[in-house]
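Okay, here's what each chain looks like letter by letter:
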Amino acid sequence: MKPLLRHHTPEGTAYLRQGQREPLVLVHGVGLNAEIWAPQFADFAATYDVIALDMLNHGASARTAGPADTLDLYILQIEALLDHLGIERAHLVGHSMGALVSMAFAATHPARVRSLVALNAVWCRSPAQSEAVIRRADDIAALGLGDSFEVAIGRWFGSPVPEELAPAEQAVRRHIATVDPAGYGRSYALFARSDRALVGRMAGITMPALFMTGELDPNSTPAMSEAMAREVPHGEAQILRTERHMMAFVSPQRIDERLRDFWQRAGAADPRAMSAEEVRP
C-alpha cells in the first residue's frame, strides 16, 4: 500500500485518501486522528475510495472557537469535505464520538449517505454514566488532561491491559500523545453531553444502518447499539464477543469482514439501487 499523505480542504480539514470506486468516509473517535484507520485503508483501498478525516480539534484539522462546540460544526465539516471532493453520496463509518457525528450527519443529510456504520456508539447514558463522563469533561476543562488518557486506556483495553493487546495499546498511546489539549477538551465536552442529541431524530436515518459494539465495552454498551438499531427504519445491531472499545483497530480483520458483508447487503437493500418495479411503498 502507498504511504498515506494528508491533504487539506480550504476550510482547514485534514484528510487521508486512497483507493477507487465507491466513496467510504471514516470518522475517528475523540482523542485520536485519521491514522487510526490504517487497517481499514489496507483492507478496503482496493475496492473503495477510502477517505478518513481528522475531526475538528484533532490531528492537522482546524481548531474550533466560540463559547462551546456544537454537533452542527462537525456536521458541516463532513458536508464541506464531501463538497470539496465532489462526492454526492458515500458510505459513512464512525467510531465512538465519530459515530455520534456520523449519525448526526446521516439524520441531517440522508440523501448523501449510502449506508451508515456506527462503531462503539453511545446512546442515552444512564444517570450514573452521564454523571461520570460530564465530571471527566469538567475536570479536563478546569485542570487539563491530567490522567484522563490513562483512565481512557483502562476503559478501552482493560486494566491491567491484557498482554495480547499491549502492541495495540502502545500504538493508540502514540496517537493520543499528539492531541491538542485545548481542542480535545472542547470536543470531549461536546461528546459528554450529546448522547441524547438525536433522540426523536433517528427516524431520519433512512439508509441501511449497522450499530456494532463489543461485548466488553463498558461505555458503548451492547444495549445501546441494540436500542439505536430499533430507532431507525433499516437498522441492525451486531455485538461482538470478547471485543472492547477499540475493536476496529485491535481486530480489523474481524470487523472488516462484517463491514464487507453489511455493505453487500446494504447495496441490495438500497432503494436507489433497485428498479422502479422492485421498490415498494
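None of the values given here were measured: they were computed from a predicted structure.

Reading the values: rules and limits
Positions within a chain are numbered from 1, following the residues in the order the chain's sequence is written. Residue-level local features of this predicted model are given only where pLDDT is at least 70; pairs of side-chain atoms are given and counted only at 80 or more, and the full residue set underlies all totals for whole chains, interfaces and linings. Remark: hydrogens and water are excluded; side-chain values derive from all non-hydrogen atoms of the structure. Each helix is a run of DSSP H or I of at least 4 residues and each strand a run of E of at least 2, with the numbering of both proceeding from the N terminus. Only protein chains enter the accessibility calculation, which uses a 1.4 Å probe. A residue is then buried if its area is under 20% of the maximum for its type, exposed if over 50%, and partly exposed in between. Note on contacts: a residue pair qualifies if any of its non-hydrogen atoms lie within 4.5 Å across the two residues.

Here arginine 155 is to be found in helix 5 (residues 148–157). On the basis of relative accessibility, which here comes to 18%, the residue arginine 155 falls in the buried class. Taking the C-alpha atoms as reference points, arginine 155 and asparagine 120, 35 residues apart in sequence, are found 12 Å from one another. Aside from chain neighbours lying at most four places away, what touches arginine 155 is Arg136, Tyr188, Pro218 and Asn219.

Bringing unusual backbone geometry into the picture now. The peptide bond linking serine 159 to proline 160 adopts the cis configuration, its omega dihedral lying at 0 degrees. Here proline 160 shows up in the loop between helix 5 and helix 6 (166–176). Here the phi dihedral of serine 96 falls at roughly 60 degrees; this positive angle occurs in a residue that is not glycine. Among the structural elements, serine 96 can be located in the loop between strand 5 (90–95) and helix 3 (97–108). For serine 96, a relative accessible area of 6% gives the class buried. Positioned with a positive phi, cysteine 124 is a non-glycine residue whose angle comes to about 45 degrees.

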